[in-house]
Structures are given as C-alpha cells and as structure tokens.
Amino acid sequence: MNNNLQPVEIITAREVPLGGPRAMPVRRTLPQKKRSLIGAWCFADHYGPDDVSRTGGMDVAPHPHTGLQTVSWLFEGEIEHVDSGGNRGMVRPGEVNLMTAGAGICHSETSTSATSVLHGVQLWLALPDSVRQSAPRNFEHYAPERFDVPGGQLLVFLGELEGSASPVETFTPLLGAELIVHPGRTVTLNVNPDFEHGVLLDSGSVELEGVAIPQAAIGYTGVGASQLRLHNGGDVPARMVVLGGVPFGEEIVMWWNFVGRESGEIAEFREQWQDRTERFGWVRGYVGHGGVDKNAEGLSWLPAPALPHGRIKARKNPPSYARPDLPEPGSESESVELPR
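Here the structure is a predicted model, which means the values were calculated and not measured. (Residues numbered from 1 in each chain as written. Predicted model: local features only at pLDDT ≥ 70, side-chain atom pairs only at ≥ 80, totals over all residues. Heavy atoms only, no water.)

## What to know about the pairing of strand 8 (residues 88-91)
The alternating pattern of strand 8 places G89 and V91 on a buried face and R88 and M90 on a face that is not buried. Where strand 7 (residues 79-83) lies against strand 8, 4 bridges are found, and the strand directions are antiparallel. Across the sheet, H81 pairs through a bridge with G89, a residue of strand 8. What sits between the antiparallel neighbours strand 7 and strand 8 is a turn of 4 residues, in which G86 has the positive phi angle 85°. (Buried < 20%, exposed > 50% of the residue type's maximum accessible area, 1.4 Å probe, protein only. Helix = DSSP H or I, 4+ residues; strand = E, 2+ residues; numbered from the N terminus. Pairing = 2+ DSSP bridges.)

## Looking at the environment of K294
By the element assignment, K294 lies in the segment after strand 28 (291-292). K294 sits in the partly exposed class, given a relative accessible area of 43%. Along the sequence, K294 and A61 sit 233 residues apart, while their C-alpha atoms lie 7.1 Å from each other.

## Digging into the sheet that holds strand 2 (residues 14-18)
The strands making up a sheet associate through hydrogen bonds between their backbones, and the pairing can be parallel or antiparallel. Here 7 strands make up an open sheet; going across it, the order is 2-3-4-11-6-9-12 and the pairing antiparallel. Bordering the open sheet on either side are strand 2 and strand 12 (138-142), each of which pairs with just one other strand. Averaged over all pairs of adjacent strands, the angle between their axes in this sheet comes to 20°, without regard to strand direction. Relative to strand 3 (residues 24-30), strand 2 runs antiparallel, the two being bridged by 5 bridges. When the bridges of strand 3 are listed, E15 appears paired with R27. (Axes fitted to C-alpha atoms, helices over the stretch in contact; angles between N-to-C directions.)

## Regarding the packing of aromatic side chains
What the rule picks out here adds up to 9 aromatic pairs. Among the aromatic residues, those joined into a cluster by ring pairs are W255, W256, F258, F269, W273, F280 and W301. Sitting over the ring of W273, R276 keeps its end group 4.5 Å from the ring centre. In this arrangement the basic side chain of R276 is found over the ring face of W301, its NZ or CZ atom lying 4.5 Å from the centre. (Phe/Tyr/Trp six-rings, centres within 6.5 Å; stacked < 30°, edge-to-face > 60°. Lys NZ or Arg CZ within 6 Å of the ring centre and 35° of its normal.)

## Describing the environment of A216
Looking at the secondary structure, you find A216 in the loop between strand 21 (211-212) and strand 22 (218-221). Separated by 39 residues in sequence, A216 and A177 have C-alpha atoms that sit 16 Å apart. Beyond its immediate chain neighbours, meaning those up to four positions away, A216 contacts A13, R27, T29, H46, L200 and L201. (Contact = heavy atoms within 4.5 Å.)

## Observations regarding the UniProt feature "binding site: Fe cation" (unreviewed entry) in the protein
UniProt annotation of "binding site: Fe cation" (unreviewed entry) refers to H63, H65, H107 and E109 when read in the numbering used here. In three dimensions, the annotated residues from a span of 47 residues occupy one location, with a maximal C-alpha spread of 13.1 Å. Annotated residues from the preceding list that form part of the lining of the largest cavity: these are H107 and E109. Contact partners of H65, with chain neighbours within four places excluded, come to T70, M99, A101, G104, I105, H107, W124, N257, F258 and F280. As for its position among the elements, H107 is in strand 10 (residues 105-111). If sequence neighbours within four positions are ignored, H107 has contacts with A61, P62, H63, H65, H81, V82, D83, M99 and V283. Here H65 takes part through its side chain, which lies 3.2 Å from a polar atom of the side chain of H107. (UniProt positions renumbered as here; feature names shortened; annotations may be inferred. 1 Å grid on protein atoms, 1.4 Å probe; cavity = no way out; pocket = protein on both sides within 12 Å on 5 of 7 lines; lining within 4 Å. Polar contact = N/O pair within 3.5 Å; in protein donor to acceptor, adjacent residues only side chain to side chain.)

Structure below.
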C-alpha cells in the first residue's frame, strides 16, 4: 500500500424511519457515538431511491429548528419547502437549498405530486455560538454548474473546491460537493489541509485513499490532507457527496430538531415549540399529502416528543484524525431523540 495515503475511518449508516405509519426509511451516518461532527456538519440522512407510490414519499408537517442550517440536496425527485421566514422554494436535483434557523424557525417538507422516485441527502450544519442567536431566518437557493475534473465530474454547492466556489453563506469554513468518479478512473481532489473530510457514498463503488467505502457509509479523513484520492474500480459511475470543514471547536447538545449548548436550553426550546410561540413563527401555505394543512397522518404540525429523564449530554467529538481500527459501535447508544 502507498505509504502516502491518508488513513480512513469508516462511519457506517443505520436505518431510521422518517415519518408516521408509512415511514420513509433513511440511512443516518451523523451523528453517532463514534463521531458526531465533520467540521460543522452535525447531521446526515441519506435516502432513496425511494418508490413514492409504496412509501408515500416525504410529507413532514411544520416542525422547528434552532441553532443550525439545513442543507437539502437531491439526486432524484422534487420537494417543496415552506418556512416561517416567509420563504417558499422547490428542492430539485443538482440545486442546493439552505435554510438558516438562527434562534428559531419552522418549516415543512413535502415531495411533490410529480415525484415518483425520491433520492437525496438531508444535512445539518451547527451554527457557532457567536451567531446562533442572531443569524436571521434565511433561505438560499443555488444551482452550481457541473464541471469536469480528470476522471470525473464535480458540483460544488457549498464552499470552494477545484476552482469552483459557491456564493451560499455559511458561518464556518466548510465544503459540500457532489462528485462522480467514472468507471475505472481515479479522481484526485486538492483540498484544504485545515479541513477534516467525509465522503458519503451514494451509488457505485469507490475507494478513498485505498479503502473501500461501504454503500451509504462515510469514509472520514482527519485534518492535514492536501489531496484526497478516490478510485472507482467498478464498471458503472460512482456518485458520492464530499463534506468538509474546519473542526468545530464547540460542544453541542442535539435533541429532536434542536441544536443548543446545554440541556436546560433544549427544554426551553421544546416548551416554546409546544406553546407555539413567536420564537419559531408559523408556516403559512403548507399543504400535506392528506389535504390542506395536514399530512397523511392528519397532523398540521409536529408535536415534540417527551424529554428524556435526566440531563441531555453534550456531544463530545473525538480528535480530528481518522481511527481506522476503531470497532463499529453498532448503533447510536446515547439517550438522545433525533428526527423520526
């Protein structure tokens, strides 16, 4: 093996049902006990290809967020987004939608009637403490240009890579890109050595630094790498999402759809959401699959689950270097409610 190759840590996915009785299964890689963040990326769900006629697709009634930015990226299908900042937009393949929650926002997400197959990723970015209460409710849309690199193609939707830069505003240095590696080819990406990186494999087969990434898993490399080498030894294109960022130096508390800094704050967010306060505002114009202002389960908004007994612990991220020999934990063992 080439001694210049970077070590790679594999973060496998676990399946989680998203929604009600006709739940759409998603594969969650972040957060896990093994690693909670990659840069400011604190949440990653990968779903599809999902037969909407069988599962009912995505129909998430208005629900709250604090202290984060949501990043929606599709490979197939179409989702309508409506939020309490007065924003309405369509999420389409190859076009990024980013919503900034700041101190509080709520939104709905619904696959459209024209969608037969739904396939993509839903990502969150943790906001640093310096801006998480002051960043305004905001929504940005950007359709990056696809361009060729030796051995493949790139779409850079956040940050900068291989001379392509996204205009979408974030609050920490980071990277988000879709990469396709052609069959039998190797793509070498010139990356920021101050960043840690994760490569989430969507389809096909790929080796990152000589290490095979399982389907729907993330291959993680720590800080210090100035290049990432990705090889497709298969006979079909390999598609993946490349995530990166400067290590996030703050501990965060994540519970349900909230990101905060301590347990009491999360309890306050929950109470204010249940009381339908101005912190989150109101979504106007949500139309679910069950009819006007309701989803298939008859919900016009999603009530928060009960809080766990005791304090919710902060997520302590391990050092920003790959640990290839660390055994898989098997599942999320922390008593933390995350989106269902």
